[in-house]
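Report on the structure
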Amino acid sequence: MTIALLSTDVRRPTTLLLAAFLTLAGAGPAAAAERLEISGKYGTIDFAIGNSRVFRTTGSFTDWKGTVKVDDVNVGQSSVDVIVKTASIQMLDTQQTNILKDSDYFDVAHFPEMTFHSTRVERTGEYSLKVEGDITLRGVTRPMTLAMTVSDRQPQAAPGARYARFRGVGTIKRSEFGMTKYIDMVGDNVEISITTEARRH
Amino acid sequence: MAQSSYHPVAKTLHWVTAAIVLVMLALGLWMTGLPLGFTKLYAYAWHKWIGLVVLVLTLGRLLWRWRHPPPALPDALPAWQLRLAPLAHWALLLLLLGMPISGWLMSSAAGVSVYWFGYIPLPDLVPRDIALFETLRTTHYFLSRLLIVVLLLHVGAVVHHDLLRRDRIFRRMWPFGGT
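If you're wondering where the values come from, they're calculated on a predicted model, not measured in any experiment. (Residues numbered from 1 in each chain as written. Chains lettered and ligands numbered in written order. Predicted model: local features only at pLDDT ≥ 70, side-chain atom pairs only at ≥ 80, totals over all residues.)

1. Remarks on the overall build of chain B
Each helix and strand in chain B was counted, giving four helices and two strands. Beginning at the N terminus, the succession of helices and strands in chain B can be written as α-α-α-β-β-α. With the principal axes as the frame, chain B shows a C-alpha extent of 55 × 30 × 25 Å. Counting only residues that meet the buried cut, chain B has 18% of its 179 residues in that class. A separation of at least 24 residues holds for 69% of the contacts in chain B among residues at least 6 apart in sequence. (Helix = DSSP H or I, 4+ residues; strand = E, 2+ residues; numbered from the N terminus. Buried ≥ 20, exposed ≤ 12 C-beta atoms within 10 Å, placed from the backbone. Contact = placed C-beta atoms within 7 Å.)

In structure tokens:
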């Protein structure tokens, strides 16, 4: 993703000219792409399990980090990668937390990490993106789509400072990852949301 | 002669609430210790649903009480009892509001919307916030213990008035056999 992706800067003739020049000169990607860091220090990954009206529960992961590459000139070159430490799962109480760490669910002893790698990034609006990717959980990889919104963009941010805020939401079916316990009662859908600051590398 | 008994509507609301509250306290104390499973999940769901019935009943009682004040206590009662009785009754009514409201807030803060009896979607009172959820869980716990204490006082007063003093105070709320 780049500057166009997240703001209206690209519409400025000078930016467009500059971007065109850099692309023509072959220096485009190196000059225009931003590498941003996201992590559990500056954001949250929350999820809600269940489409049941009787029972639903929520939780979050506290230890995770990732990289966002922003390429405004060629949005398709943008990417999102996230690695989540499954043992950092936190449910509403210790009992639920322990059950979700256990082998019926995240099996954190055997699968300490859960990952998301984007495969396709598409701009859907002035401040929104569609990020398609693969989520790997319990050794199973399945596609997942995140609807992302971007706010508070600071293209002039210094290294280490906040560059933008991202919020992405998507849904997976837990049965596809072998997590089927209580599926009749609680339901299969898991809504995942990631809300984070992205800091310039 | 002054009104000597509660109105049948007030009596009905009181006894229905009493029965439900006893069930709710038992359910609440029992369900938290259950292992996660079918029983526990349904126990929590029903606890929420019935708790909100108590909220509606209590709001109904407050409205009724506003229009139909309870019968005055006899002057013959000791002064400390004349002062303490209304305080205890108001404490109970407030706790019967505080319990379901803190429970509803707790569910909202946990990010779990309530579908009343599985059919009626209720609004979330606050957005998901786990720190707030922890605070509300503690609040709900302490209110429940306070409710148990005031209820014991309430039942203790019945024993005191009806068995020891035999002053007919309890008969004003007793649903059978008139006054």
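Alright, that's what it looks like, and here's the rest.
2. Focus on the overall build of chain A
Scanning chain A for helices and strands turns up five helices and eleven strands. When the 201 residues of chain A are sorted by exposure, 36% land in the buried category. The contacts of chain A with a sequence gap of at least 6 include a subset with a gap of at least 24, amounting to 59%.

3. Notes on helix α2 (residues 38–67) of chain B
With 30 residues, α2(B) extends 44 Å between its outermost C-alpha atoms, agreeing within 8% with the 44 Å of an ideal straight helix rising 1.5 Å per residue. Along α2(B), the positions that sit buried rather than exposed are Leu41(B), Tyr44(B), Ala45(B), Lys48(B), Gly51(B), Leu52(B), Val54(B) and Thr58(B). Taken together, the buried residues of α2(B) touch α5 (183–186) of chain A together with α1 (8–31), α3 (79–109) and β1 (115–116) of chain B. (Expected span 1.5 Å × (residues − 1).)

4. Brief notes about the confidence of the model for chain A
All names here are of chain A. Residues of chain A with pLDDT of at least 70 account for 84%, and the chain-wide mean is 86. The low-confidence segment residues 1–10, where pLDDT is below 50, has 44 contacts with residues more than four positions distant or belonging to other chains. Of the regions scoring below 50 in pLDDT, residues 21–31 engages in ten contacts with residues more than four places distant in sequence or in other chains. (pLDDT = per-residue confidence, 0-100.)

5. Topic: the interface of chain A and chain B
The interface is formed by 14 residues belonging to chain A together with 13 residues belonging to chain B. Elements with a minimum of two residues in the side of chain A that touches chain B: β2 (43–49), β3 (57–61) and α4 (94–101) of chain A. In terms of residue class, the side of chain A that touches chain B is made up of six nonpolar, five polar and three charged. (Nonpolar A, V, L, I, M, F, W, Y, C, P; charged D, E, K, R; others polar.)

6. A closer look at the environment of Leu57(B)
All names here are of chain B. Looking at where Leu57 falls in the secondary structure, it is placed in helix α2. Judged by local crowding, Leu57 falls into the partly exposed class, with 19 C-beta atoms found within 10 Å. Sequence separation of Leu57 and Leu13 is 44 residues, and the distance between their C-alpha atoms is 6.8 Å. With residues up to four places along the chain from it excluded, the contact list for Leu57 reads Leu13, Val16 and Thr17.

7. Comments concerning the confidence of the model for chain B
Averaged over all residues, the pLDDT of chain B is 92; the fraction at 70 or higher stands at 97%. In the predicted assembly, ipTM is 0.72 and pTM is 0.80.

8. Some thoughts on the packing of α2(B) against α3(B)
All names here are of chain B. Relative to each other, α2 and α3 sit at 140°, their axes nearing to 9 Å. Considered as vectors, α2 and α3 are oriented oblique to each other. Taken as a pair, α2 and α3 cross one another with a handedness that is left-handed. In contact with Lys48, Gly51, Leu52, Val54, Leu55, Thr58, Arg61 and Leu62 of α2, α3 contributes Leu93, Leu96, Leu97, Met99, Pro100, Ile101, Gly103, Trp104 and Ser107. Across the contact of α2 with α3, the residue classes break down as eleven nonpolar, four polar and two charged. (Axes fitted to C-alpha atoms, helices over the stretch in contact; angles between N-to-C directions. Parallel < 35°, antiparallel > 145°, perpendicular 65-115°, else oblique. Left-handed = near helix turned anticlockwise from the far one by under 90°.)

9. Considerations on α3(B)
For the α-helix, the turn length of 3.6 residues means that residues three or four positions removed from each other point alike. Residue and element names in this part refer to chain B. Here α3 spans 44 Å end to end across 31 residues, near enough to the 45 Å set by a 1.5 Å rise per residue. Residues of α3 that are buried: Leu95, Leu96, Gly98, Met99, Pro100, Ser102, Gly103, Trp104, Met106, Ser107, Ser108 and Ala109. Of the surrounding secondary structure, the elements contacted by the buried residues of α3 are α1, α2 and α4 (130–165). With its phi angle positive at about 85°, Gly111 sits one or two positions after the end of α3.

10. Overview of unusual backbone geometry
Peptide bonds are mostly trans, and most non-glycine residues show a negative phi. Residue and element names in this part refer to chain A. Phi at Asp107 is positive, roughly 50°, even though this residue is not glycine. The topology assignment puts Asp107 in the loop between α4 and β7 (113–125). Judged by local crowding, Asp107 falls into the partly exposed class, with 18 C-beta atoms found within 10 Å.

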